[in-house]
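Working through the structure, step by step
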Amino acid sequence: MTYQFDFSPLLTYWPELAAGMVQTLRISCIAMVAGLVLGIALTALRMSPSRPLRWLAVSYIELVRNTPFLVQIFFIFFGLPALGLRFDATQAAVLAMSLNCSAYAAEIVRGGVQAVPKGQVEAGRALGLGTADIYRFIVFRPAIRAIYPSLCSQFVLLMLNSSLVAAISAEELTYAAQMIDNRTFRSFEIFAVVGLLYLALSQCLSLVLAAIGRAYFSYPSK
C-alpha cells in the first residue's frame, strides 16, 4: 500500500466543518419540531371518525414511509418547480426532512395515544374536562412520555439522514466534507473525520434529548 495518511491538510478547513455541523443541527432541529407538529396532526386525522380524513392520513404516511428519502428530496427540489413551487437547497432540505419525519412521528404518536387506557378518558369526562383538556393532560402527555425514547431515536436518525441533502448542495456537514475533499483529495481522512463528527453529534443530541426527557417526563407513572 503506497497511500500516505496525512490529516494535517484538514486543519485549515476546521471552520468549514464547524459551520457544517452547526448547519446540520439547525436544519435538523427545525425539521424535528415541524415533523412532530405535523405528526401529531396526522395522528388526529388518522384517528378521526371521518373515513376520508383517515384515508388521506394513511395514504400520506404510507407514501412517505415506503419511498426512498433521497427520491423525496429530489422530487421537492427538482420536481416541484415544474408546478411553480421553487425552493432553494436549504428550504428544500428542511421541507423534505420535516415531511419525512412527520410520517414516522405520526405512527409513533398513534401508538402512544392508543396505549392510553380508555378509562382515563372517561374519567376526564366525568370530571367535566373539555375535549381539549382531555387530550392535553390525559392523552397526549402520557402518550408522549411513553413514546419519548422512540421519538428520540427517530430524531437522531433524522439528523444522520440529513447527510443526504448534500445531494442537492444544501450546505451542511457532508456538503462541507465534499467541498474539502475536492480541494485536498484526502478522501479517507476527510470522511473518517466527518464520520467521527456525526458520531459526536448523535451522542450529544441523545444526551440533550435525554435531559429534556428527565426534565419534562420524570413525574411518577403511578
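The name that an unreviewed UniProt entry assigns to the protein chain is Amino acid ABC transporter permease, with the source organism given as Salipiger mangrovisoli.

Some details on the packing of aromatic side chains
All chains considered together, the criterion is met by four aromatic pairs. Ring centres 4.9 Å apart and planes at 75° place the aromatic pair Phe77 and Phe78 in the edge-to-face group. Within the aromatic cluster, the residues linked to one another by ring pairs are Tyr3, Phe5 and Phe188.

Observations concerning a nonpolar patch on the surface
A surface patch of nonpolar side chains, about 410 Å² in accessible area, is lined by Tyr3, Phe5, Phe7 and Phe188. Among the structural elements, Phe7 can be located in the segment before helix H1 (14-46).

Overview of unusual backbone geometry
With a phi close to 65°, Ser169 is a non-glycine residue in the positive phi region. Along the chain, the position of Ser169 falls in the loop between helix H6 (131-161) and helix H7 (173-184). The phi dihedral of Phe185 is positive, around 60°, even though this residue is not glycine. Its relative accessible area of 65% is what places Phe185 among the exposed residues.

Considering the environment of Asp6
Relative to the helices and strands, Asp6 is located in the segment before H1. Under the relative-accessibility criterion, Asp6 is labelled partly exposed at 28%. Through-space distance from the C-alpha of Asp6 to that of Glu189 is 7.2 Å; in sequence the pair is 183 residues apart. When sequence neighbours within four positions are dropped, the list of residues in contact with Asp6 reads Arg186 and Glu189.

Looking at the confidence of the model for the protein chain
The predicted model of the protein chain has a mean per-residue pLDDT of 91, with 98% of residues at 70 or higher. Looking across the protein chain, the model is least confident in helix H5 (residues 118-126), with a mean pLDDT of 78, and most confident in helix H3 (residues 69-79), with 97.

A look at the UniProt feature "domain: ABC transmembrane type-1" (unreviewed entry) in the protein chain
Residues annotated by UniProt as "domain: ABC transmembrane type-1" (unreviewed entry) correspond here to residues 21-209. Structurally, residues 21-209 comprises 81% helix and 0% strand, and the distance from its first C-alpha atom to its last is 18 Å.

Examining H6
End to end, H6 covers just 37 Å across 31 residues, shorter than the expected 45 Å (1.5 Å per residue, more than 12% under). Most pronounced at Tyr148, the bend in H6 amounts to some 55°, and the proline Pro149 follows within four residues.

Here we look at the nonpolar core
Counting 52 residues, the largest nonpolar core has Leu17 and Leu173 as the members making the most contacts within it. Going through the elements one at a time, H1, H3, helix H4 (89-115), H6, H7 and helix H8 (187-216) are the ones with two or more residues in this core. With 13 residues, H6 is the single largest residue contributor to this core. Those residues in contact with Leu17 that lie beyond four places of it in its chain are Leu173, Ile180, Ile190, Val193, Val194 and Leu197.

Rules used throughout
Each chain carries its own residue numbering, running from 1 in the written order of its sequence. Restriction of local features to residues with pLDDT of at least 70 applies here, the model being predicted, together with a cutoff of 80 or more for giving and counting side-chain atom pairs; totals for whole chains, interfaces and linings are based on all residues. With hydrogens and water excluded, all non-hydrogen atoms of the structure serve as input to the side-chain values. Ring geometry is summarised as follows: Phe, Tyr and Trp rings, the Trp one being its six-membered ring, pair when their centres sit within 6.5 Å, and such pairs are stacked at plane angles under 30 degrees, edge-to-face over 60 and tilted between the two. For patch detection, residues must exceed 30% relative accessible area and be free of salt bridges, and they are connected within 9 Å for like charges or within 5 Å for nonpolar side chains (Val, Leu, Ile, Met, Phe, Trp, Tyr). The method behind every accessible area is Shrake-Rupley, applied with a 1.4 Å probe, and residues are considered shielded solely by the protein chains displayed. By definition here, a salt bridge exists when the distance from a side-chain nitrogen of Lys or Arg to a carboxyl oxygen of Asp or Glu is within 4 Å. Each helix is a run of H or I in the DSSP string that is no shorter than four residues. Each strand is a run of E no shorter than two, and both are numbered from the N terminus. Buried means the residue's accessible area, taken with a 1.4 Å probe over protein chains only, is under 20% of the maximum for its type, while exposed means over 50%, and partly exposed covers the values in between. Whether two residues touch is decided by their heavy atoms; if any such pair falls within 4.5 Å, the residues are in contact. Confidence of the predictor in every single residue is expressed as pLDDT, which spans 0 to 100. UniProt positions are given in the numbering used here, feature names are shortened, and annotations may be inferred rather than shown by experiment. Helix span, as expected, comes to 1.5 Å for every residue beyond the first. Bend, in this description, refers to the angle at a residue between axes fitted to the seven residues ending there and the seven starting there. For this analysis, a nonpolar core means a set of buried residues of the types Ala, Val, Leu, Ile, Met, Phe, Trp, Tyr and Cys, connected via side-chain atoms within 4.5 Å.

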